[in-house]
Amino acid sequence: GGKKYTVYAVQVTWAVGGEEATVRQVMKRYSQFEQLHKTLSRHVPEGRTNACGRYVGLPALPAKRLVFSMESLFLEQRQQALGALLHCIMEQVTDYLQGHYTLPTGGEGAWQGVLVSNMATFLGVNMEP
């Protein structure tokens with residue numbers, strides 16, 4: 001038999017400029033989230049809460065498997081954490097697409113653009129502003 005792995009089903013929703021919200025069901029392995037995070041981390045600054053209390057930057061990726069006990073609970077928690085990761089990123093994508101964003105201080109341009117294009121690829125959608 002082949003190696004067993006888990007596929008996480010995460011729902012992503014976003015809306016731009018008063019349009020109807022787009023909902024996308026994403027079915028991805030943890031390694032695909034890991035690859036996305038690695039790609040984004042080359043361009044997107046580490047996440048932090050800015051002066052306005054908005055989260056900006058790249059959130060942390062939930063940890064790789066640590067404990068083998070309570071497998072179903074672990075998988076459930078990881079699924080929630082991956083969902084939260086995407087939610088946090090998509091909030092910033094939506095802000096960027098609506099024109100509500102600030103360039104990072106000393107940044108070499110809008111890393112948010114990189115965020116948008118990578119998320120569009122990851123979700124298999126077109127997000128042109």
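For the structure, check the block above.
Residues numbered from 1 in each chain as written. Predicted model: local features only at pLDDT ≥ 70, side-chain atom pairs only at ≥ 80, totals over all residues. Heavy atoms only, no water.

Caption draft 1: Fine view of the side chain of R78. Inspection of the secondary structure assignment puts R78 in helix 2 (residues 71-97). No salt bridge is formed by the buried R78; its nearest oppositely charged neighbour, E34, is found at 7.5 Å. A polar contact is formed between the side chain of R78 and the backbone oxygen of A63, at a distance of 3.3 Å. (Helix = DSSP H or I, 4+ residues; strand = E, 2+ residues; numbered from the N terminus. Buried < 20%, exposed > 50% of the residue type's maximum accessible area, 1.4 Å probe, protein only. Lys, Arg positive; Asp, Glu negative; His and termini not counted. Salt bridge = Lys/Arg side-chain N within 4 Å of Asp/Glu carboxyl O. Polar contact = N/O pair within 3.5 Å; in protein donor to acceptor, adjacent residues only side chain to side chain.)

Caption draft 2: Inspection of the nonpolar core at higher detail. By size, the foremost hydrophobic cluster in this structure holds 30 residues, and its most contacted members are V93, M119, L123 and M127. Among the secondary structure elements, those contributing two or more residues to this core are strand 1 (7-14), helix 1 (30-41), helix 2 and helix 3 (111-123). Per-element tally for this core: the top contributor is helix 2, with ten residues. Excluding residues that lie within four positions of it along the chain, M119 makes contacts with L36, L86, I89, M90, V93 and M127. (Core = buried A, V, L, I, M, F, W, Y, C linked by side-chain atoms within 4.5 Å. Contact = heavy atoms within 4.5 Å.)

Caption draft 3: How the structure looks around the packing of helix 1 against helix 2. It is the contact of helix 1 with helix 2, at a shortest axis distance of 12 Å, that shows an interaxial angle of 35°. The chirality of how helix 1 crosses helix 2 is left-handed. Taking contact as the criterion, the partners of Y30, F33, L36, H37 and L40 in helix 1 are, on helix 2, R78, L82, L85, L86 and I89. The class makeup of the residues in the contact of helix 1 with helix 2 is eight nonpolar, one polar and one charged. (Axes fitted to C-alpha atoms, helices over the stretch in contact; angles between N-to-C directions. Left-handed = near helix turned anticlockwise from the far one by under 90°. Nonpolar A, V, L, I, M, F, W, Y, C, P; charged D, E, K, R; others polar.)

Caption draft 4: Expanded view of helix 3. Its 13 residues give helix 3 an end-to-end C-alpha distance of 18 Å, which sits within 8% of 18 Å, the value for a rise of 1.5 Å per residue. Of the positions making up helix 3, those classed as buried are W111, Q112, L115, V116, N118, M119, A120, F122 and L123. Buried residues in helix 3 make contact with strand 1, strand 2 (22-29), helix 1 and helix 2. (Expected span 1.5 Å × (residues − 1).)

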